[in-house]
Amino acid sequence: MIKRPKGTYDLFGEDSKKWQYMESVIKKILKTYDFNYLRTPTFEETNLFKRDDEKSEMVTKQTYDFEDKSGRKITLRPENTAGAIRAIIENKLYLEKNKNFYYIGSNFRYERPQKGRFREFFQFGIEVINDRDYLVDFNVLLIASKILKTLKIKSTLLINNIGSESERAKYNKELSKYFTKYQEKLCPDCKERLSNNTLRILDCKVCSSNQFFKKAPKISDFLGKDSKEYLNKIERLLKEYKINYKYDTNLVRGLDYYSDLVFEFISSENQALCGGGRYNNLIKDLGGPDVGGIGFAFGLERLLNSFTFNDNDKLRCFIISDTLQKDYSYRVLNKIRDSNFYSKLDYSDRNFGKKLKSSLKEEPDFLIFIKDEEEKNKTVTIKNTKTQKQETIKEKDLIDYLNKFYKGNENA
Ligand code: AMP
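So, here is what we can say about the structure in this document. Every value quoted in this text rests on a predicted model; they were computed, and no experiment measured them. (Residues numbered from 1 in each chain as written. Predicted model: local features only at pLDDT ≥ 70, side-chain atom pairs only at ≥ 80, totals over all residues. Heavy atoms only, no water.)

Thoughts on the sheet that holds strand 1 (residues 36–37)
Strand pairing in a sheet relies on backbone hydrogen bonds, with the paired strands running either antiparallel or parallel. The strand order across the open sheet built from 8 strands is 1-5-6-11-10-9-7-8, with neighbouring strands paired in mixed fashion. Two strands bound the open sheet, and with one partner strand each, they are strand 1 and strand 8 (245–247). Pairing analysis gives 7 bridges linking strand 7 (residues 155–161) to strand 9 (residues 258–267), with the strands arranged antiparallel. Bridging across to strand 9, asparagine 160 finds its partner in valine 262. Relative to the sheet, helix 5 (residues 134–150) contacts strand 6 (120–129), strand 7, strand 9, strand 10 (272–279) and strand 11 (293–299), its axis offset from that of strand 11 by approximately 15°. Its contacts with the sheet put helix 9 (residues 225–240) on strand 7, strand 8, strand 9 and strand 10, and the angle it makes with strand 7 is roughly 165°. (Pairing = 2+ DSSP bridges. Helix = DSSP H or I, 4+ residues; strand = E, 2+ residues; numbered from the N terminus. Contact = heavy atoms within 4.5 Å. Axes fitted to C-alpha atoms, helices over the stretch in contact; angles between N-to-C directions.)

Regarding the pattern of salt bridges
As enumerated under the stated definition, the model contains 26 salt bridges in all. Ionic pairing is found between glutamate 192 and lysine 61, a salt bridge with its closest N-O pair at 3.8 Å. Within this pair, whereas glutamate 192 is found in helix 7 (residues 188–196), its partner lysine 61 is found in helix 3 (residues 57–61), the two being separated by 131 residues in sequence. According to the relative accessible area criterion, glutamate 192 is partly exposed, its value standing at 41%. Between aspartate 68 and arginine 72 there is a salt bridge; the shortest N-O distance is 3.0 Å. The structure contains a network of salt bridges with shared partners spanning Glu44, Arg86 and Glu90. (Salt bridge = Lys/Arg side-chain N within 4 Å of Asp/Glu carboxyl O. Buried < 20%, exposed > 50% of the residue type's maximum accessible area, 1.4 Å probe, protein only.)

Remarks on the nonpolar core
In globular proteins that are soluble, nonpolar side chains generally tend to be buried together. Ranked by size, the top nonpolar core spans 45 residues in total, and within it Ile85, Ile129, Phe179 and Leu186 carry the most contacts. Put simply, the parts of the chain that give this core at least two residues each are helix 2 (46–49), helix 3, helix 4 (81–90), helix 6 (165–181), helix 7, helix 8 (211–214), strand 9 and helix 10 (282–285). When residues in this core are grouped by element, the largest group, 6 residues, is from helix 4. Excluding residues within four positions of it along the chain, phenylalanine 179 makes contact with Leu186, Leu194, Thr198, Ile201, Leu202, Phe212, Phe213 and Ala216. Val25, Leu157, Ile234 and Ile294 belong to the second-largest nonpolar core, a separate cluster that totals 44 residues. (Core = buried A, V, L, I, M, F, W, Y, C linked by side-chain atoms within 4.5 Å.)

Re the environment of alanine 82
Note on placement: alanine 82 falls in helix 4. Each C-alpha atom, one on alanine 82 and one on lysine 92, is 15 Å from the other, the two residues being 10 residues apart in sequence. Those residues in contact with alanine 82 that lie beyond four places of it in its chain are Leu48, Phe49, Arg51 and Leu286.

Some words on the pairing of strand 9
Each regular strand shows side chains that alternate between the opposite faces of the sheet. Most of strand 9 is tucked away, with 10 of its 10 residues classed as buried. Relative to strand 10, strand 9 runs antiparallel, the two sharing 7 bridges. Bridged to tyrosine 258 within strand 10 is tyrosine 279. Turn length for the strand 9-strand 10 hairpin, with the two strands adjacent in sequence and antiparallel, is 4 residues, and the turn residue asparagine 270 shows positive phi of about 70°.

Some remarks on the environment of isoleucine 234
Secondary-structure assignment places isoleucine 234 in helix 9. A relative accessible area of 0% places isoleucine 234 in the buried class. Those residues within four positions of isoleucine 234 in sequence are excluded, and the remaining contacts are Tyr134, Asp137, Phe138, Leu141 and Leu261.

As structure tokens, this is what we get:
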């Protein structure tokens, strides 16, 4: 038997209903915040991701790369921001009035699979094309928080200001000097990071328990007046809008293009649900205009596992008919479905009693009985399973009957 590839999963059953609900919540919220859906290819030219200035492990070690039949170098996207920005530049979307975009799609990373970590996983994210502005940037945090609150997920926001390019350059130098002193004690990955990605050392789960780690220089000591004011304004709004947050000076993000604000939303089990930040040079570096952007990405599998879901799709009508009345019953069923009532018909030729017994297990609001008499008289017999009230009505009046019932029972 052929099995699914390692690190992938199939979505079905209750989870697939939950997934659709989750997507509908996200889409509804984004509409109210004036966002446009953007879809880009799942594979891109390799050099979109593998740029000289991008030293993150995700890009250098975890991508799925291949050559297509014509020898083009192709990479399955490990994240969606680079592709979204490529599309925004290529289609000149930065000239549009609305520069708020969102995407939902799969990403591919060759990582060691574990709980909440897959090799193909889905992200939903947003990108807002705008230069640094405390309100625009706060609004991005507010949207992520709104999604989590709507799904009733408890989380904590971690924020950091990793400063402007020049502030970060100074900090990087000091940090590198500091960690070089402890080089021997660093894990092999961090030894490598020392030469090409010093900031990421702060993120290392292996090294962070070391005593010397706690005394490392902090980016907050390298921020100028302007950066401090920007952060203060964001913190003031977080308090005003009651978003639970922690200022974490060790928070750095995987990708090298981030600057100023970076953030993560962490679940109560300490798992990252969403990560994001501001990027000021990415659009320019990819050949677009000199304008900044800010965005985030939620891991949808992790989001799915963090909330409970009650399926509200209640079965409205279950039709039970005699074998000879199946065609007539099928016509009635389609009429009901055309009016958007979730309904079923037992297609089998079992006897009436057996069909009745199994249909009751699905707890429909109504049972509709169709026998010889009903077909002859163009009627149906409808029974309210709660009140047990049963009546025979004209088939042509059935939709009015249901409409009237559900109008008066909106919570049914
Ligand atoms: P990142 O693009 O690495 O900042 O990730 C953003 C979010 O995507 C994370 O907070 C996770 O929720 C999710 N995520 C990242 N990598 C994986 C993965 N391999 N499997 C499942 N979810 C992931």
